[in-house]
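Descriptive structure summary
Now for the letters of each chain:
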Amino acid sequence: MLTKAEKPITGIVIGDPAGIGPEVVVKALADEAVAQSARHLLIGSVSVVERALKFSGLDARVERIQTPDELGDEAGVLYVLDTGGQEASAFPIGSDSVAAGHAVAGWMDTAIELAGRGAIASFVLAPISSGSFKLAGERSRTVSPVVGESYLIIFSGPLRVAHLTDHVPLASVSGLIQAELVTSALVDLDKAMQAWGMEQRRIGVSGFNPHANGPEDREAIAPGVEQARTLGIDVSGPHSPDAVFRHCVEGKYDMVLAMFHDQGHIAVKTWGFSGNCVLILGPPYLFFSVAHGTAYDIVGTGLADPLMLQSALETAARLSRGQGLQLD
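Reading guide: rules and limits
- Residues numbered from 1 in each chain as written.
- Predicted model: local features only at pLDDT ≥ 70, side-chain atom pairs only at ≥ 80, totals over all residues.
- Heavy atoms only, no water.
- Helix = DSSP H or I, 4+ residues; strand = E, 2+ residues; numbered from the N terminus.
- Rg over C-alpha atoms; globule rule 2.2 N^0.38 Å.
- Buried < 20%, exposed > 50% of the residue type's maximum accessible area, 1.4 Å probe, protein only.
- Areas by Shrake-Rupley, 256 points an atom, 1.4 Å probe, with all protein chains shown as cover.
- Pairing = 2+ DSSP bridges.
- Axes fitted to C-alpha atoms, helices over the stretch in contact; angles between N-to-C directions.
- Contact = heavy atoms within 4.5 Å.
- Expected span 1.5 Å × (residues − 1).
- Bend = angle between axes of the 7 residues up to and from the residue.
- Polar contact = N/O pair within 3.5 Å; in protein donor to acceptor, adjacent residues only side chain to side chain.
- Salt bridge = Lys/Arg side-chain N within 4 Å of Asp/Glu carboxyl O.

**Regarding the overall build of the protein chain**
For the protein chain, the helix and strand inventory stands at 11 helices and 12 strands. The C-alpha atoms of the protein chain give 20 Å as radius of gyration, which agrees with the globular expectation for 328 residues (20 Å, within 12%). Principal axes of the C-alpha set define a box for the protein chain whose edges measure 60 × 45 × 35 Å. Taken across its 328 residues, the protein chain has 55% of its residues classed as buried. Of the accessible surface of the protein chain, which amounts to about 13,600 Å², a share of 51% is contributed by carbon and sulfur atoms.

**A closer look at the sheet that holds strand S5 (residues 122-125)**
What the 12 strands build is an open sheet, ordered S3-S4-S2-S1-S5-S12-S11-S6-S7-S10-S8-S9; its pairing is mixed. Lying at the two open borders of the sheet, with one neighbouring strand each, are strand S3 (61-65) and strand S9 (235-239). Strand-to-strand twist of the sheet, defined as the mean angle between neighbouring strand axes without regard to direction, takes the value 25 degrees. The pairing of strand S8 (residues 203-206) with strand S10 (residues 255-258) spans three bridges and is parallel. When the bridges of S10 are listed, Gly-204 appears paired with Val-256. Running over the sheet, helix H3 (residues 46-56) touches strand S2 (39-43), S3 and strand S4 (77-81) and is turned about 170 degrees from S3. This element, helix H10 (residues 261-272), spans strand S6 (151-156), strand S7 (159-163), S8 and S10 of the sheet and lies at about 165 degrees to S7.

**A look at helix H8 (residues 215-230)**
Compared with an ideal rise of 1.5 Å per residue, which puts 16 residues at 22 Å, H8 spans 22 Å between its outermost C-alpha atoms and is within 8% of the ideal. By the largest-angle criterion, Ile-221 marks the main kink of H8, which is about 30 degrees, and a proline, Pro-223, follows within four residues. Among the residues of H8, those classed as buried are Glu-216, Asp-217, Ala-220, Ile-221, Gly-224, Val-225 and Ala-228. Contact partners of the buried residues in H8: helix H6 (170-176), helix H7 (179-195), S8 and S9. Just beyond H8, the residue with positive phi is Gly-232, at close to 90 degrees.

**What to know about H3**
Note: α-helices contain 3.6 residues per turn, so residues at a spacing of three or four share the same orientation. The buried fraction of H3 is high, at eight of 11 residues. All buried positions along H3 are accounted for by Val-46, Ser-47, Val-48, Val-49, Arg-51, Ala-52, Leu-53 and Ser-56. Two or three places before Ser-47, at the start of H3, stands the capping residue Ser-45, its side-chain oxygen 3.3 Å from that residue's backbone nitrogen. Taken from the residues just after H3, Gly-57 is the one with a positive phi, measuring 70 degrees.

**Considerations on the pairing of strand S11 (residues 277-281)**
Look at any regular strand and the pattern is simple: side chains alternate between the two faces of the sheet. The buried fraction of S11 amounts to five of the five residues, a majority that puts the element mostly inside the structure. A two-sided burial pattern is seen for S11, the buried positions comprising Cys-277, Leu-279 and Leu-281 on one face and Val-278 and Ile-280 on the other. With five bridges joining them, S6 and S11 adopt antiparallel strand pairing. Note on S11: the bridge partner recorded for Leu-152 is Ile-280. With two bridges joining them, S11 and strand S12 (residues 286-289) adopt antiparallel strand pairing.

**Some points on the side chain of Ser-45**
When you line up the elements, Ser-45 lands in the loop between S2 and H3. Accessibility expressed as a relative area gives 0% for Ser-45, which makes it buried. Here the side chain of Ser-45 touches Val-48 through a polar contact of 3.1 Å, landing on its backbone nitrogen. Residues in contact with Ser-45, not counting those within four places in the same chain, are Ile-14, Val-80, Asp-82, Gln-86 and Trp-107.

**What to know about the side chain of Ser-289**
Within the element layout of this structure, Ser-289 appears in strand S12. Of the residues examined, Ser-289 reaches a relative accessible area of 17% and is grouped as buried. Apart from the residues lying within four places of it in its own chain, the contact partners of Ser-289 are Leu-125, Cys-277, Val-278 and Ala-312.

**Regarding the pairing of S5**
Burial along S5 is two-sided: the residues Ser-122 and Val-124 and Phe-123 and Leu-125 are all buried. Bridge count for strand S1 (residues 9-13) against S5 is four bridges, and the pairing is parallel. Within S5, the position partnered with Val-13 by the bridge is Leu-125. Inspection of the sheet shows S5 paired to S12 by four bridges, in the parallel sense. Note on S12: the bridge partner recorded for Val-124 is Phe-288.

**Topic: the pattern of salt bridges**
A complete count under the given rule lists eight salt bridges for this structure. In this structure, the salt-bridge partner of Lys-7 is Asp-73, at a minimum N-O distance of 3.3 Å. Here Asp-73 lies in the loop between S3 and S4 and Lys-7 lies in the segment before S1, a separation of 66 residues in the sequence. On the accessibility criterion, Asp-73 (31% relative accessible area) is partly exposed. Arg-202 is paired through a salt bridge with Asp-254; the nearest N and O atoms lie 2.9 Å apart. You can see Arg-202 sitting in the loop between H7 and S8 and its partner Asp-254 sitting in the loop between helix H9 (244-249) and S10, a full 52 residues away along the chain. Here Arg-202 falls in the partly exposed class, since its relative accessible area comes to 21%. Among the charged side chains, a network of salt bridges with common partners joins Arg-61, Glu-63 and Glu-74.

Dropping the structure here:
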């Protein structure tokens, strides 16, 4: 068992208080292996966390703290950084609200500030509602991938997929694929994998066209891959998009670089939707989220599935310790 000194601190924003975020957080932390993998600093409302425990039928002590310095490591205790003291009654379950939007924005600001100054090793975001943000007039605090500056990565067991472009209209992707962008993404990805403790960093690059046979593949992706190889990166491609993801699952690659959003997301969500988690590579800290929403229709029913949040917490702890990734 890890000692307190060996455990990184993971900050967890509990998500929209009217959704299933708080429930999946408390359910994930009820798993002993997850609970012991790091010191978990919940950022949100004590009252909302207590309500989530009741909804989930779980028994744990909730302790309000005012600073990360007060974070303990006692089994069965959930430490909540709660500086606002909001009551759960202010957030009726199952609906967007101005109150929820303001609350979540404040919790995220706190997490980003703590991560930015190194007070927490990683930041995990439970599902939030864009509707509540809009009602409250809050700007989004989520870190959206920016082409050439940050990259979305999805982990699902042995299938790990980074995206060269993310929320970009498909008609625009062709013009964005340039050799320099491919090389830059591969350099950033290799550096990150090394920092995470991955000794083996075999990257397969997906082509853009069927069978990786098109002008983008020949004139941009292939030269970008070749340049990365001259820099010492263990990379190959472009490979046929209909096969490269399966090859990763089978252990031929440690990561795949996809060219656009659905190319990678469909592969991951078809292979293993439950239990996948998301990381944004780019911020100067580990930032994880999950691939599901607030699920207002099942709040309080006990049906919320914590596997994605659990995966995010386990992965954040391993990468914070430089232990690489598990295959399953």
